Amino acid sequence: MSILAEVSGNVTAIGYGLAAIGPGIGVGIIFGQGVQAIARQPEAYGLIRQNMLLGFVLTEALALLGLVAPFIFQNI
Amino acid sequence: MSEQERRPEDDGQDFANAAWSIPSYLLAGMAIYGGAGWLLDRWLDTSAFFPIGVVLGIVLSVYLVYRKYGR
Amino acid sequence: MITLTAPAEDQFKAPSPDELFTFSPIINGVDWFTKPVLLALLSSVVVIWFCWAAFGSPKIVPRGVQNVAEYGYMFVRDQVARPFLGKDADRWMGLLVTLFFMVLLWNIMGVIPVVQFPVASHIAFPAVLAGSIYVLKVYLGIKHQGAVGYFKNMMFPPGLPKGIYLLLAPIEFLSNLIIAPFTHAVRLFANMFAGHMLLAFFSMVGFWFLFEKLTPLGAGVGVVGVIMTIIFTGFELFIQFLQAFLFAMLAAMYIGGSLHAEH
């Protein structure tokens, strides 16, 4: 079979690039909707803020898991 | 500080503090426990402790952030 | 079938970090004196001149340079210092304004024609700034909370179950004393580095396809490259301002955190 295209360099960088897409969208949605919610209902600020932070932490954790995934699956 | 005596500017400051230090906490948790797992792996010649350490570190940091800022 | 990555003489080649960020010394034999160093020195001189001209003999009704500088001063005071330092804001305004103007000028160098190199895209420069803020942060923390109190407040935040402290204290320590200054410097560096690469790539596309190898098929790509260069220059200006603001804001946040224990 002949080669159609080839990638040189470290493939794990592409992996992290792909893994960062999801959390990027997620963080955007969380803060966007959070700010909107605060603007609509400023009196619920405490509750919204708490849930916003929690959602942000969980999403960010995924992004950082993507960072170490190449090291974990190094020998596959 | 209880909910009643909170001033609005305090809230904004807390929020910015939290949002900026969360990535640091997550990275630190991963680095500490992932690093410990990696060292254990090298010492015992296994390959299971590194992923376990990374996940444990993330769980602990999420817990820490939740307890610290989530209320 | 062909190998798409086959290197050829008359093929477009994206600029590599090596050729974009490595400079030969300006004066032969003086190895440290390269373009980024010259720009950094130049921007220090410009910031000193700027502040001198603006606040050296302030008028009650500001005009000229003083007007611009006061606008920047007000911005830093209202957006950076007051939210994070509260009543201590005025004492730290000198440092924060200098930091803001300095980093802003470093970054703006990236889009000024002819100069066109953001100083902060060499990590040494933001690292020194972040390092000095870090030293200040630890010094202030020990001065205001006591050596034991500072580390106790940092590593053992109140309100957690007793047993879990053993597991969480190392995370707090690493996060506050090692990762925080590291990300402080890297955030600025990475944004400027990536921005410069992006601008260089798109202008290279435009230059290559419109001037070096003008073909009917390639001209469209070249036009797209030029348009993207213009768009990204505007975007870069915004990012450069934002990063200068964030750098000063994080500095204020660290100083504020050291002045008062977290509650």
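What you are looking at is a predicted structure, and each value in this text was computed from that prediction instead of being measured. (Residues numbered from 1 in each chain as written. Chains lettered and ligands numbered in written order. Predicted model: local features only at pLDDT ≥ 70, side-chain atom pairs only at ≥ 80, totals over all residues. Heavy atoms only, no water.)

Asker: How should I be thinking about the overall build of chain C in this particular structure?
Answerer: A tally of helices and strands in chain C yields eight helices and zero strands. N-terminal to C-terminal, the α/β element order of chain C is α-α-α-α-α-α-α-α. Rg of the C-alpha trace for chain C: 23 Å, well past the compact-globule value of 18 Å for 263 residues, more than 25% over. Dimensions along the principal axes, computed over C-alpha positions, put chain C at roughly 70 × 60 × 40 Å. The buried share of chain C, taken over its 263 residues, is 42%. (Helix = DSSP H or I, 4+ residues; strand = E, 2+ residues; numbered from the N terminus. Rg over C-alpha atoms; globule rule 2.2 N^0.38 Å. Buried < 20%, exposed > 50% of the residue type's maximum accessible area, 1.4 Å probe, protein only.)

Asker: Is there a simple way to explain the packing of helix α2 (residues 49-69) of chain B against helix α7 (residues 165-212) of chain C in this structure?
Answerer: Describing two packed helices takes the angle between their axes plus the distance from one axis to the other. Packing of α2(B) against α7(C) brings their axes to within 10 Å, and their N-to-C directions diverge by 85°. If you check the angle between α2(B) and α7(C), you find them roughly perpendicular. Across the interface between the two elements, B:G57, B:L60, B:S61, B:Y63, B:L64 and B:K68 from α2(B) touch C:L167, C:L168, C:I171 and C:E172 from α7(C). Split by residue class, the contact of α2(B) with α7(C) holds six nonpolar, two polar and two charged. (Axes fitted to C-alpha atoms, helices over the stretch in contact; angles between N-to-C directions. Parallel < 35°, antiparallel > 145°, perpendicular 65-115°, else oblique. Contact = heavy atoms within 4.5 Å. Nonpolar A, V, L, I, M, F, W, Y, C, P; charged D, E, K, R; others polar.)

Asker: Please explain helix α2 (residues 45-72) of chain A as it appears in this structure.
Answerer: Two residues of an α-helix separated by three or four positions point the same way, owing to the 3.6 residues in each turn. Between its first and last C-alpha, α2(A) extends 40 Å over 28 residues, near the 40 Å set by a 1.5 Å rise per residue. Roughly 30° is the biggest bend found in α2(A), and it falls at A:G66, with proline A:P70 one to four residues downstream. (Expected span 1.5 Å × (residues − 1). Bend = angle between axes of the 7 residues up to and from the residue.)

Asker: What am I meant to see in the side chain of C:S258 here?
Answerer: All names here are of chain C. Within the secondary structure layout, S258 lies in helix α8 (residues 216-259). One polar contact links the side chain of S258 to the main-chain carbonyl oxygen of K137, over a distance of 2.8 Å. If we ignore the near neighbours within four places in the chain, the residues touching S258 are K137, L140, G141, H144, Q145 and Y150. (Polar contact = N/O pair within 3.5 Å; in protein donor to acceptor, adjacent residues only side chain to side chain.)

Asker: Is there a simple way to think about a nonpolar patch on the surface in this case?
Answerer: The grouping of A:V7, A:V11, A:I14, A:L18, A:I21, A:I25 and A:I29 at the surface amounts to a nonpolar patch, some 690 Å² of accessible area in total. Examined against the element boundaries, A:L18 turns out to sit in helix α1 (residues 11-40). (Patch = residues over 30% accessible without salt bridge, like charges linked within 9 Å, V, L, I, M, F, W, Y side chains within 5 Å. Areas by Shrake-Rupley, 256 points an atom, 1.4 Å probe, with all protein chains shown as cover. Salt bridge = Lys/Arg side-chain N within 4 Å of Asp/Glu carboxyl O.)

Asker: Looking at this model, I keep getting lost on the layout of surface pockets. Mind explaining?
Answerer: One way to see where empty space is left: roll a probe the size of a water molecule over the atoms. Counted as a void, the second largest pocket has a volume near 680 Å³. Lining the second largest pocket are 21 residues, and of these B:W20, C:R187, C:L242, C:Q243 and C:L246 sit closest to its centre. For the lining of the second largest pocket, the elements supplying multiple residues, two or more each, are α1 (8-44) of chain B together with α3 (65-85), α7 and α8 of chain C. Considering every element that reaches the lining of the second largest pocket, the biggest residue donor is α1(B), with seven residues. (1 Å grid on protein atoms, 1.4 Å probe; cavity = no way out; pocket = protein on both sides within 12 Å on 5 of 7 lines; lining within 4 Å. Points joined across faces, edges and corners; volume = space filled by probe spheres on them.)

Asker: Sorry if this is basic, but what is going on with the nonpolar core here?
Answerer: Looking at soluble globular proteins, one finds that nonpolar side chains tend to be buried together. Residue and element names in this part refer to chain C. By size, the foremost hydrophobic cluster in this structure holds 56 residues, and its most contacted members are L96, F100 and W106. The set of elements that each furnish at least two residues to this core consists of α1 (17-21), α2 (35-55), α3, α4 (89-108), α5 (124-145), α7 and α8. A total of 14 residues in this core trace back to one element, the largest contributor, which is α8. Residues in contact with W106, not counting those within four places in the same chain, are A40, S43, F117, P118, V119, A120, F125, P126 and L129. (Core = buried A, V, L, I, M, F, W, Y, C linked by side-chain atoms within 4.5 Å.)

Asker: Honestly, the packing of aromatic side chains in this entry has me stumped. Any pointers?
Answerer: The description of two aromatic rings rests on the distance between their centres and on the angle between their planes. Residues and elements named next belong to chain C. For the structure on display, the rule yields 21 aromatic pairs over all chains. Note on F189 and F193: the rings are 5.5 Å apart at their centroids and 40° apart in plane angle, and the pair reads as tilted. Taken together, the residues F189 and F193, both in helix α7 and four residues apart, mark about one turn of the helix. Given a relative accessible area of 26%, F193 falls into the partly exposed group. Ring geometry for F202 and F232: centres 5.3 Å apart, planes at 15°, overall stacked. Here F202 is found in helix α7, whereas its partner F232 is found in helix α8, with 30 residues between them in sequence. Look at F232 and you get buried, because its relative accessible area is 18%. A network of ring pairs unites the aromatic residues F50, F75, F100, F101, F241 and F245 as a single cluster. The ring of Y254 carries K137 above its face, with NZ or CZ at 4.7 Å from the centroid. (Phe/Tyr/Trp six-rings, centres within 6.5 Å; stacked < 30°, edge-to-face > 60°. Lys NZ or Arg CZ within 6 Å of the ring centre and 35° of its normal.)

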